[in-house]
Amino acid sequence: MSYTVGQVAGFAGVTVRTLHHYDRAGLLAPGGRSAGGYRLYSEADLARLQQILFYRELGFTLDEIAEILTDPQADALGRLKARRRALREQIDKLERLVEVAERAMEVHQTGVDLDPRERFEVFGEITFDLSYATEAELKWQDSAGHRAAMRSAAEHTKEDWADLMGEAAQWREELLDAFDAGVTAESERALELAEAHRQHIARWFTPCPPEMHLRIADDFADDARAFALVVPPSQQRPGLAAYLRTAVRVNAERRRGPQARPETEGNPHAKPEVERIR
């Protein structure tokens, strides 16, 4: 059975122009012609085309393919082994480039410019979820608060981060103690912890008015990736994120006062990117 150049192009997923080029290069000359002089390809031609496309996919040049297909002494197996080694080297290089790109993204999106060993030393179980950071970056990239937090984070040294995380760890221990002891979220102790967290944000990243703090706490309760930035999964308890949100809400209401104007009114982007400021 014979096939036209258009049919073969459709079968193989290549263009007619490519088949014409293979013909002119002497790589794949069709086995026949129609009465009108049009190219006709046989089953053997299709098998040869499949080999050509296989080698092309592996990165062989047309000259190399021609030699492999026409010369029994061309050592196709040796060439394939060599190509496999080259591909593995290329894969290793690409994987390193992916790591570099992800590292650059993380630094850009979280403001944490530490190498993996330093990040482990400083953050321990606290890890940055890059998907969350990416979503937040897109959402808050025009926020003045977010930009301020990012600038502050970028300026922190390793020692700054160590101090920051040490302070956060102490606060987290006190929060867990209060929660485990059954201290209510509306109690003075819980409100002190909520205020301490707000001051922590303001001290290390960006001014954090009560309304902004409430939005951050909402994010803790609504997104496990956000809450994992302050309490790692191994230390979390059911209801803890909601507990913190309640304490933050009560604290925010008390500090705003019943007639107080929201401190973020008029600024729809006042909430900083949560990932960046804790």
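What counts, and at which threshold
- Residues numbered from 1 in each chain as written.
- Predicted model: local features only at pLDDT ≥ 70, side-chain atom pairs only at ≥ 80, totals over all residues.
- Heavy atoms only, no water.
- 1 Å grid on protein atoms, 1.4 Å probe; cavity = no way out; pocket = protein on both sides within 12 Å on 5 of 7 lines; lining within 4 Å.
- Points joined across faces, edges and corners; volume = space filled by probe spheres on them.
- Helix = DSSP H or I, 4+ residues; strand = E, 2+ residues; numbered from the N terminus.
- Nonpolar A, V, L, I, M, F, W, Y, C, P; charged D, E, K, R; others polar.
- pLDDT = per-residue confidence, 0-100.
- Contact = heavy atoms within 4.5 Å.
- Salt bridge = Lys/Arg side-chain N within 4 Å of Asp/Glu carboxyl O.
- Buried < 20%, exposed > 50% of the residue type's maximum accessible area, 1.4 Å probe, protein only.
- Core = buried A, V, L, I, M, F, W, Y, C linked by side-chain atoms within 4.5 Å.
- Axes fitted to C-alpha atoms, helices over the stretch in contact; angles between N-to-C directions.
- Parallel < 35°, antiparallel > 145°, perpendicular 65-115°, else oblique.

**Student:** When you look at the layout of surface pockets in this model, what are you seeing that I'm missing?
**Tutor:** Space left empty within the atom packing is revealed by a probe, the size of a water molecule, rolled over the atoms. The calculated volume of the largest pocket comes to roughly 180 Å³. Glu 167, Ala 168, Trp 171, His 197 and His 200 are the residues nearest the centre of the largest pocket, which is lined by 14 residues in total. Looking at the lining of the largest pocket, the elements that each hand over two or more residues are helix H9 (158-180) and helix H10 (188-204). Residue classes in the lining of the largest pocket are distributed as 6 nonpolar, 3 polar and 5 charged.

**Student:** I'm lost on the confidence of the model for the chain in this one. Help?
**Tutor:** For residues with low pLDDT, the predicted coordinates do not support detailed interpretation. Taken residue by residue, the chain gives an average pLDDT of 80. The fraction at 70 or more is 74%. This stretch, residues 259-278, has a pLDDT under 50; its non-local contacts, to residues over four places away or in other chains, come to 67 contacts.

**Student:** Sorry if this is basic, but what is going on with the pattern of salt bridges here?
**Tutor:** For side chains of opposite charge, pairing can occur when their charged atoms come near one another. The final tally for this structure, using the stated rule, is 14 salt bridges. A salt bridge links Arg 255 to Glu 195, with the shortest nitrogen-to-oxygen separation between them at 2.7 Å. Remark: Glu 195 occurs in helix H10 and Arg 255 occurs in helix H13 (residues 240-256); sequence separation between them is 60 residues. The exposure class assigned to Arg 255 is partly exposed, which follows from its relative accessible area of 42%. Salt bridges sharing common partners tie together Asp 23, Arg 33 and Arg 39.

**Student:** Mind showing me how you'd approach the nonpolar core here?
**Tutor:** The tendency in soluble globular proteins is for nonpolar side chains to be buried as a group. Judged by nonpolar contacts, the single largest core of 25 residues is most densely connected at Leu 175, Phe 220, Phe 227, Leu 240, Tyr 243 and Leu 244. Of all elements in the fold, only H9, H10, helix H11 (210-222), helix H12 (224-227) and H13 reach the threshold of two or more residues within this core. Examining the composition of this core, we find that 6 residues originate from one element, H13, more than from any other. When near neighbours in sequence (up to four residues on either side) are disregarded, Phe 227 contacts Phe 220, Gln 236, Leu 240, Ala 241 and Leu 244. Counting 18 residues, the second largest nonpolar core, distinct from the first, contains Val 5, Tyr 41, Ile 52 and Ile 68.

**Student:** Help me understand the packing of H9 against H13, please; the structure alone is not making it clear to me.
**Tutor:** To characterise two packed helices, one gives the angle between the axes of the helices and the distance between these axes. Running from N to C, H9 and H13 point in directions that differ by 100 degrees, and their axes come no closer than 11 Å. Between H9 and H13, the angle is such that the two are roughly perpendicular. Seen from H9, the contacting residues are Trp 171, Leu 175, Leu 176, Ala 178 and Phe 179; seen from H13, they are Leu 240, Tyr 243 and Leu 244. When its residues are assigned to classes, the contact of H9 with H13 shows 8 nonpolar, no polar and no charged.

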